[in-house]
Amino acid sequence: MSPTHTNATARLRCISCGATPGSTAQDFRCTSCGDLLEFVFPGRTFDPAALKSLWLSRRTSLNKLDQSGVWRFRELLPPISEEHAITLREGNTPLYQLPRCARLTGLDHLHAKHQGMNPTASFKDTGMTFAASSAHQQGFRWVACASTGNTSASMAAYAARGNMHSLVLIPEGKISWGKLSQSLDYGALTCQLRTDFDGCVLILNELVRQKPVYLLNSVNPYRIEGQKTAAIELLEQLGWEPPDHIIVPGGNLGNSSAIGKALLEMQELKLIARLPKLSIIQAEGANPFYRSVREFGGAKIEPMTADTMATAIRIGNPASWKKALRVLQATGGEVEQVTELEIAEAKAEIGADGIGCEPASAVTLAGLKKLRQRGFVKPGESVVLILTGHLLKDPDFTIKFHRGDLFSGTPYEIDSARARPLQRAPVVLDADLGAVIAALEASERKNS
Ligand code: F0G
C-alpha cells in the first residue's frame, strides 16, 4: 500500500451531537448544539512502516514543509495547499533525559519533550502554523485570539509571516513581559483588557460574529490538528515505543486534547501498539477540570475565577474540557492539582537539570511527584513530561523565586522557607578577585 495520504476524506464533526457541517461558523461551534468541532478521517488507512520511513526521510529534505516538525507529518492532518503554508520550521523539539528529576521522583528514566524550543518559545507554534495557514487559505486579512500570552505571541508571529493583521486580547497585568513584548514586536494590535483570560474570550467570541476576523484560539480545530504532531514526533523520537505515561499541564485544555487525539489516531493506524496514559495537571487556584473529574466524575464543569502565578494556565472556564475528558478516559490517565509552592520548587528542579521551563510547564513535574506518591506512576515505568514554554518567557518569576521574595505577602510565605535549598540568588560583590575566590570556595564547601 502506498503511504501517500488519503486526506480528501478529512471531515469536521461535532463532539457532542455528531453533526458533520460542510463549513465552520466564525466561532467554530456546532450550529446545531453549540459544542466544539473536531476533524475525523473516515476510511483512512496507511502502511505504518512505509509512513514511518517517509517521515524519517523528510528529515534530510530541503523542502520547507519537510523541514517543519508539523508539516513533516502532514499525512495525518487535513489538507492545506503548500502555497498557503506559513512555517517557521516549528516542531523539531528535543526530547531530553532529566536525570536529577528522575532520581528525585524515584524513576529510572524521565524524559522531557521541550515544546518551549519552538520558534516563539512555546508549544503554541505547532498549532499556529497550521491554523494560520488555514486562515491564509481562506483569504482572511485579520486573525485574532484571546490569550494568557503564548498564543498571542505565536499568532502575532505567524500572522506577520503570512502578511495578515493580528488582534490580541490579553488580560491586563496578568501576562509576563516576555510574552507581551513578543506580540508587540511581531506587530499585533495588542489590547490589554481590564478582565481575565475568560473575560477576553467572551469579548472575542462576540467580535468574530460581527467582524470578518479569523479566530485562532484552540477551539479552532486546525489548532488541535497541528498540535497533534508533538505526540507523533515524540513517538518517533522514542523509536515508536510508547512511554507508560505522558504528563501535560492543563489550562484551556487544547494541548491535552491534541496529544490525546494523536495517541488514539496512532493506535488506530497501528503506528503504535499500545496507549500511554495521558495525565493532566492543573494549578490548585485554576483547577476547574481537576474538580470536574474528581467531584463530578466529568459530568459537568463549574467555571471559576482562576488565580495562579503560573499565568499561562490562569484559566477558569476551559473551552476544550470535554475533548480532554474523552482522552483522559480513553487512555486511562489521571488528573492532579498542585500548589503554587510545588510549582515553584518543580520549576527550579527542572532548571537544575540544565533545561528550564516556564512556571506552567513545571506543574508536570510537581504533578508527577503526586502521581508517584499515590502509586499511579510506578518506579520502573517510563514517563515523559511535556514542557510547554521556555524558561525565558517569565524571568520575573524565576528571579523572584531565587531571591526568595516570590511568596512575600502570600499565604505561602512561611512554608516557602522549605524551598531555600533550591534558591540560587545572585551574589553581589565588589570588583575584587579575592571576593570572587572567596565566593567560589564558599560554594564549593556548600556543595561538597
Ligand atoms: N503551558 C503554557 C506555557 C501555556 O501557555 C498554556 C496555555 C498551557 C500550558 C495550557 O495549555 O490551554 O492547551 O491546556 N496558554 C494559553 C495562551 C491558553 O493563551 O497562551 P492548554
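Definitions and limits used
- Residues numbered from 1 in each chain as written.
- Predicted model: local features only at pLDDT ≥ 70, side-chain atom pairs only at ≥ 80, totals over all residues.
- Heavy atoms only, no water.
- Near = heavy atom within 4 Å.
- Polar contact = N/O pair within 3.5 Å; in protein donor to acceptor, adjacent residues only side chain to side chain.
- Areas by Shrake-Rupley, 256 points an atom, 1.4 Å probe, with all protein chains shown as cover.
- Helix = DSSP H or I, 4+ residues; strand = E, 2+ residues; numbered from the N terminus.
- Nonpolar A, V, L, I, M, F, W, Y, C, P; charged D, E, K, R; others polar.
- Core = buried A, V, L, I, M, F, W, Y, C linked by side-chain atoms within 4.5 Å.
- Buried < 20%, exposed > 50% of the residue type's maximum accessible area, 1.4 Å probe, protein only.
- Expected span 1.5 Å × (residues − 1).
- Contact = heavy atoms within 4.5 Å.
- Pairing = 2+ DSSP bridges.
- Axes fitted to C-alpha atoms, helices over the stretch in contact; angles between N-to-C directions.

**Q** Is there a simple way to explain the site of the ligand in this structure?
**A** In the region of the ligand, 19 residues are neighbours, and S147, T151, N252, L253 and T388 sit closest. At 2.7 Å, a backbone N or O of N252 approaches an oxygen atom of the ligand. Here N255 contributes a backbone N or O atom positioned 2.8 Å from an oxygen atom of the ligand. Burial of the ligand by the protein amounts to 98% of the accessible area it has alone, namely 480 Å². Within the residue set of the shell around the ligand, elements represented by two or more residues are α5 (150-161) and α9 (254-268). Here the shell around the ligand is built from residues that sort into six nonpolar, 11 polar and two charged.

**Q** Would you take a moment to explain the nonpolar core for this structure?
**A** Among soluble globular proteins, nonpolar side chains are generally buried collectively. Residues V143 and Y214 are the most contacted members of the largest nonpolar core, which totals 50 residues. Those elements that place two or more of their residues in this core are β1 (11-14), β2 (37-40), α4 (124-137), β5 (142-146), α5, β6 (165-171), α7 (197-210) and β8 (213-215). Core analysis: the next-biggest nonpolar cluster, separate from the first, contains 34 residues, L76, L235, I259 and I280 among them.

**Q** What's the story with α9 in this structure? I'm lost.
**A** Residue pairs spaced three or four apart in an α-helix point in one direction, given the helix's 3.6 residues per turn. Here α9 spans 21 Å end to end across 15 residues, near enough to the 21 Å set by a 1.5 Å rise per residue. Burial analysis of α9 places 12 of its 15 residues in the buried class, which makes it a mostly covered element. All of the buried residues along α9 are G254, N255, S256, S257, A258, I259, G260, K261, A262, L263, E265 and M266. In this fold, the buried residues of α9 make contact with β2, α8 (221-237), β9 (245-249), β10 (277-283), α11 (321-331) and β12 (383-387).

**Q** So what exactly am I meant to see when it comes to the side chain of E381 here?
**A** Along the chain, E381 turns up in the loop between α13 (359-373) and β12. Within the structure, the side chain of E381 is placed 2.8 Å from the backbone nitrogen of K378, a separation counted as a polar contact.

**Q** Just to check I follow, could you spell out the environment of I224 for this structure?
**A** By the secondary structure assignment, I224 is in helix α8. For I224, a relative accessible area of 3% gives the class buried. Residues I224 and G254 lie 30 residues apart in sequence; the distance between their C-alpha atoms is 6.5 Å. Not counting residues within four places of it along the chain, the set of residues in contact with I224 comprises S218, G254, A258, K261 and K323.

**Q** Even after reading the chapter, I still don't get the environment of R58, so can you show me in this structure?
**A** Locating R58 in the fold gives a position in the loop between α1 (48-57) and α2 (64-67). Taking the relative accessible area as the measure of exposure, R58 reaches 9% and is therefore buried. Separated by 14 residues in sequence, R58 and R72 have C-alpha atoms that sit 6.7 Å apart. Here R58 is in contact with D66, W71, R72, R74 and E75, once residues within four sequence places are set aside. At a separation of 3.5 Å, a polar atom in the side chain of R58 contacts the side chain of D66.

**Q** I keep staring at the pairing of strand β4 (residues 110-114) and nothing clicks. Help me out?
**A** In the case of a regular strand, side chains alternate between the two sheet surfaces. The buried count for β4 comes to five of five residues, which makes it a mostly enclosed element. Of the two faces of β4, the one holding L110, A112 and H114 and the one holding H111 and K113 are both buried throughout. The pairing of strand β3 (residues 95-97) with β4 spans three bridges and is classified as antiparallel. Its bridge partner being in β4, Q97 is matched across the sheet by H111. With five bridges joining them, β4 and β12 adopt parallel strand pairing. What sits directly across from K113, in β12, is I386.

**Q** Would you take a moment to explain helix α10 (residues 288-296) for this structure?
**A** Among the residues of α10, P288, F289, Y290, R291 and S292 are the ones counted as buried. The elements touched by buried residues of α10 are β10, α11 and β11 (335-338). A positive backbone phi angle near 55° is found at G297, which sits one or two residues after α10.

**Q** Would you take a moment to explain the sheet that holds strand β7 (residues 189-193) for this structure?
**A** Within a sheet, adjacent strands bond to each other through the backbone by hydrogen bonds, running parallel or antiparallel. Across the sheet, four strands lie side by side as β7-β6-β5-β8; this open sheet has parallel pairing. The open sheet terminates on both sides in strands that have one partner only, identified here as β7 and β8. Recorded for the sheet is a direction-independent mean angle of 25° between the axes of neighbouring strands. Where β6 lies against β7, five bridges are found, and the strand directions are parallel. Bridge assignment links L167 to a residue of β7, and that residue is L189. Here helix α6 (residues 177-185) sits on the sheet and contacts β6 and β7; the angle it forms with β7, its principal contact strand, is near 145°.

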